[in-house]
Amino acid sequence: MLFTHDTEVALGAAAALVNTVDADGVSDEKLPDLAALDEFFVAYGWSGGRTHTQAELQLVRDLRPRLRHMWTLAIDGRTEEFVDIINAMLRETNALPQLVKHDNWDYHLHATPSDAPLADRMAVEAAMAFIDVVRSGELSRLRICEYQNCGDVYVDLSKNRSKRFCDGGCGNRAAVSAYRARKAAARS
């Protein structure tokens, strides 16, 4: 394991949140309504209170471009700007790290109370995970899928830093395309 379990979970959740909309930020909306947000909340093991309102949904949606921008900064090696955004997110949410234990999790860090707005908790969880990425010098592990026209972000947790595609099936599509190209070339 490259990072602690809670850091890897938070990084995965941040990437998944970014990927709930296409890179252009307007098409292929995967958080179209409160039911979809409920499913996302459960799928990524979020804890704490919810308001279950359209305003909550919009605040979560509004977080996505900021997180996507962080992936871009990481890929471009713009560490100072990346860190500035982390610090801003922590300041804006009045984050105060503390050890907590809940559900099936042993002690781990939370930096917001469980009744803080969901978007704030998501932003802080991402920021706290990004802190570990920066401190370990692993910004290069934040990547964008190399498959043409995909644009999804992911975290490369492979030992040899070789992951090139997101978890949305792009690796399989690339392999099939390469296979078909080799077969076509062999027939020529």
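Further up the page is the structure itself.
Residues numbered from 1 in each chain as written. Predicted model: local features only at pLDDT ≥ 70, side-chain atom pairs only at ≥ 80, totals over all residues. Heavy atoms only, no water.

A.B. asks: With reference to specific residues and values, describe the nonpolar core.
C.D. replies: If you look at the biggest cluster of nonpolar residues, it comprises 44 residues, and the most contacted ones within it are Leu67, Trp71, Phe82, Phe130 and Leu142. Taken together, the elements giving at least two residues each to this core come down to α1 (5–18), α2 (34–43), α3 (54–75), α4 (79–92), α5 (118–135) and β4 (153–155). Counting residues per element, this core draws most heavily on α5, which supplies 11 residues. Ignoring sequence-local partners within four residues, the contact set of Leu67 consists of Ala14, Leu17, Val18, Met89, Ala126 and Phe130. Counting 7 residues, the second-largest nonpolar core is a separate cluster that includes Cys150, Cys166, Cys170 and Ala174. (Core = buried A, V, L, I, M, F, W, Y, C linked by side-chain atoms within 4.5 Å. Buried < 20%, exposed > 50% of the residue type's maximum accessible area, 1.4 Å probe, protein only. Helix = DSSP H or I, 4+ residues; strand = E, 2+ residues; numbered from the N terminus. Contact = heavy atoms within 4.5 Å.)

A.B. asks: So, the pattern of salt bridges: which residues are in play, and what are the values?
C.D. replies: Oppositely charged side chains may form a pair once their charged atoms are brought near each other. Within the structure shown, the criterion is met by 13 salt bridges. Glu29 is paired through a salt bridge with Arg64; the nearest N and O atoms lie 2.8 Å apart. Of this pair, Glu29 sits in the loop between α1 and α2 while Arg64 sits in helix α3, placing them 35 residues apart in sequence. Among the residues examined, Glu29 registers a relative accessible area of 30% and is labelled partly exposed. Overall, Arg64 belongs to the buried group, its relative accessible area being 5%. (Salt bridge = Lys/Arg side-chain N within 4 Å of Asp/Glu carboxyl O.)

Read these as layout, nothing more, since geometry by itself doesn't imply function.
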